[in-house]
Amino acid sequence: MESESADRALLERKVRRAFQVLILQRGRNPGVKGWELKRYLGRDFRTILEVLGEDVAPMGLEVFEVKGADATDDSSRFLLRFKEAPTVSEAEGAGIRIDDLAVLAATIAFVNSKQARVARREVEQFLREKFPKWRVEYSLDRYVKRGYLDVDDRAMVHIGWRTRAEVDEKTLMTLILSRAQEASKK
Amino acid sequence: MDIKQKILLLRERLPEWKFLDELLVDSEAMLELAQIVKLQDEWLKHRASSLYIDPLLIQLKLKLLPKEALSEAFIKSWHPTAQVDQISPRGLEKAFVYWRDLQPMAERFKDEFGSYGTRPGLVDYDDLVNLGVFTQKQFETTLTELDDELLRKSNGEWVDYRDFLGNESYESKVLRAYLLAFLISEGRATLKTEPLTGKIWVRPLAEKSKALPKSVAVSITGDS
């Protein structure tokens, strides 16, 4: 009985620690790598994260895993994110510009349609048909800096880790296709 | 590309190769074939995923959609990360070291802008001559002309200081104010201020004043 309550206390302490580690930004990017969580929480960190996931669910949050390049536990990045997407007015209220988001949405869709990598020049050329040149360049640079997009040394645009973490790409593509159908019907 | 046929060909020819160079070329060909298989694999996986949409179709759809609909689609598929920005003791230390080692403004921009960033100071007649704003002769001539103008306009009475400076241009006003200050310092004119109205009056003096000089700060703005 005593050992059971000690285990429970230890688990609660580890869950609290996990929440603190995930919520406080360390370095430039949000989230914590698997190897760091192992160091903070021990080998059974996934179990701790599962419990934390249940605890934060009533607050509208979830623990999300972004797989790393080699798909190992160590390279995965774990973060807390909104369980539900915000409403348009909530996003606008947070000071996010509609034009900027439109550039990002179009870029993600365009890059995904081109096997997830496309020359930056080609992206810019495509976006310039819809947005002013200055906004295209400014927004692309900004989203590369914030991790939503990635540009390699051969100037090829890829989907950034942050898009993988925050954006449900399938939903985005479906919405774009369905909205376009509505727009063409009008 | 028929990968299988290429590999069979390599195997068929393998016993014929005797030199290391030939074998190296063969292994290079194998590596290139493996790269092709990898790319084909990626392409197949992407096509099989639900993210695959014909590029032309998606371009057309993106062109059709208004910006608002695009951003709305993004927002509806967006799950922002939740995080708290805070300064760590290490960050605080870095900020302290940065602030401690930060050079004063005047030093920081010295190389880029020369004397830009130096504090406001006094410019005397010698400085102006050294800077090439005046030659000694020009300065004295201009000063005498201004003295004559003051005598003429005032007729020995007080005249409004700002009216006398004129409204030609900011540069001209500053120049006239500077020369007038020189006349006043020399005791060839005098100045009085009305603190309640803010008016400033100036009057030429027939004889050089022997009273103790007092400093008066007058601001010259672009619109006054």
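Residues numbered from 1 in each chain as written. Chains lettered and ligands numbered in written order. Predicted model: local features only at pLDDT ≥ 70, side-chain atom pairs only at ≥ 80, totals over all residues. Heavy atoms only, no water.

1. Concerning the interface of chain B and chain A
Put simply, the rule reads: The criterion used for residue contact is that any of the two residues' heavy atoms lie within 4.5 Å. Defined in terms of a 1.4 Å probe, buried area is the accessible area two parts forfeit on being brought together, summed over both. Salt bridge, as used here, is a side-chain nitrogen of Lys or Arg placed within 4 Å of a carboxyl oxygen of Asp or Glu. Pairs of N or O atoms are called polar contacts if they sit within 3.5 Å, as long as, within protein, a hydrogen donor faces a hydrogen acceptor (for residues adjacent in sequence, only side-chain-to-side-chain pairs). Put simply, DSSP H or I for four residues or longer makes a helix, DSSP E for two residues or longer makes a strand, and each gets a number counted from the N terminus. All residues other than Ala, Val, Leu, Ile, Met, Phe, Trp, Tyr, Cys, Pro, Asp, Glu, Lys and Arg, Gly among them, are scored as polar; the first ten of these are nonpolar and the last four charged.
Every contact between the two is made by 36 residues of chain B and, on the other side, 56 residues of chain A. A combined buried area of about 4,500 Å² lies between chain B and chain A, and 69% of that area is made up of carbon and sulfur atoms. At the boundary of chain B and chain A, one finds one salt bridge. The interface formed by chain B and chain A contains 13 residue pairs in polar contact (both at pLDDT 80 or more). Every element with two or more residues in the side of chain B that touches chain A is listed here: α2 (20-48), α3 (55-64) and α4 (67-76) of chain B. The leading source of residues in the side of chain B that touches chain A is α4(B), at nine residues. Across the side of chain B that touches chain A, the residue classes break down as 19 nonpolar, nine polar and eight charged.

2. Here's the deal with the pattern of salt bridges
Cut-off, in case you're wondering: Summary of the burial criterion: residues with accessible area below 20% of their type's maximum are buried, those above 50% are exposed, and those between are partly exposed, where the area comes from a 1.4 Å probe applied to protein chains only.
Summed over the entire model, instances satisfying the criterion amount to 23 salt bridges over all chains. Close ionic contact of Asp74(A) with Lys38(A) constitutes a salt bridge, the shortest N to O distance being 2.9 Å. Placement of the pair is Asp74(A) in the loop between β2 (61-66) and β3 (77-82) and Lys38(A) in helix α2 (residues 34-41), with a sequence separation of 36 residues. For Lys38(A), a relative accessible area of 26% corresponds to the partly exposed category. Close ionic contact of Glu149(B) with Lys153(B) constitutes a salt bridge, the shortest N to O distance being 3.0 Å. With Glu149(B) and Lys153(B) both in helix α9 (residues 136-154) and four residues apart, this pair spans about one turn of that helix. With relative accessibility at 14%, the residue Glu149(B) sits in the buried group.

3. Observations concerning the sheet that holds strand β4 (residues 117-119) of chain A
Residue and element names in this part refer to chain A. What counts here: Note: two strands are recorded as paired if DSSP finds a minimum of 2 bridges between them. Only the stretch in contact is used when a helix axis is fitted, and all axes are lines through C-alpha atoms; the angle between N-to-C directions ranges over 0 to 180 degrees.
Strand order in the open sheet formed by three strands is β4-β6-β5, and the pairing between neighbours is antiparallel. A single partner strand is all that each edge strand has here, and the edge strands are β4 and β5 (149-151). Pairwise comparison of adjacent strand axes, ignoring direction, gives a mean angle of 30° for this sheet. Note that β5 and strand β6 (residues 156-159) share three bridges and pair antiparallel. Counted as the bridge partner of Leu149 is Ile159 from β6. Sitting on the sheet, helix α5 (residues 98-113) touches β4, β5 and β6, and the angle it makes with β6 is about 100°.

4. Thoughts on a negative patch on the surface
Put simply, the rule is: Only residues whose relative accessible area exceeds 30% and that form no salt bridge enter a patch; like-charged residues are grouped when within 9 Å of one another, and nonpolar side chains (Val, Leu, Ile, Met, Phe, Trp, Tyr) when within 5 Å. Method for areas: the Shrake-Rupley scheme with a 1.4 Å probe, in which residue coverage is limited to the protein chains shown. The sign given to each residue is positive for Lys and Arg and negative for Asp and Glu; His and the chain ends receive no count. Where a charge lies is defined by one atom per residue type, namely NZ (Lys), CZ (Arg), CG (Asp) and CD (Glu).
Taken together, Glu12(A), Glu50(A), Glu54(A) and Asp55(A) make up a surface patch of like negative charges. The element that contributes the greatest number of residues to the negative patch is helix α3 (residues 45-56) of chain A, accounting for three residues.

5. A closer look at helix α5 (residues 89-101) of chain B
Condition: Here the expected span of a helix is defined as 1.5 Å times the quantity of residues minus one.
Taking 1.5 Å of rise per residue, the 13 residues of α5(B) would be expected to cover 18 Å, and the 18 Å separating its terminal C-alpha atoms lies within 8% of that figure. The buried fraction of α5(B) amounts to zero of the 13 residues, a small share that puts the element mostly on the outside.

6. What to know about the nonpolar core
A general trend in soluble globular proteins is that nonpolar side chains are found buried together. We count it as follows: To qualify as a nonpolar core, a set must consist of buried Ala, Val, Leu, Ile, Met, Phe, Trp, Tyr and Cys residues joined through side-chain atoms within 4.5 Å.
In terms of nonpolar packing, the biggest core is built from 38 residues, with Leu127(A), Leu172(A), Ile176(A), Leu62(B), Leu70(B) and Phe74(B) touching the most fellow members. Listed by contribution, the elements that provide at least two residues to this core are α5, α6 (120-127), α7 (133-145), β6 and α9 (169-185) of chain A together with α3 and α4 of chain B. With 10 residues, the single largest contributor to this core is α5(A). Apart from residues lying up to four places away in sequence, Phe74(B) is in contact with Leu101(A), Leu104(A), Ala105(A), Ile108(A), Val167(A) and Leu172(A). If you look at the next biggest cluster of nonpolar residues, it comprises 17 residues, including Val15(A), Leu37(A), Ile48(A) and Leu52(A).

7. Topic: the packing of α5(A) against α3(B)
Inclusion rule: Reported orientations rely on four angle classes, namely roughly parallel under 35 degrees, roughly antiparallel over 145, roughly perpendicular from 65 to 115, and oblique for the rest. With the far helix as reference, a near helix turned anticlockwise by less than a right angle produces a left-handed crossing, and one turned clockwise produces a right-handed crossing.
Look at α5(A) against α3(B): their axes get within 9 Å of each other, and the N-to-C directions meet at 165°. Here α5(A) is positioned roughly antiparallel relative to α3(B), judged by the angle of their axes. When you trace α5(A) past α3(B), the crossing you get is left-handed. Residues Ala106(A), Ala109(A), Phe110(A) and Ser113(A) of α5(A) pack against Pro55(B), Ile58(B), Gln59(B) and Leu62(B) of α3(B). Among the residues making up the contact of α5(A) with α3(B), the classes are represented as six nonpolar, two polar and no charged.

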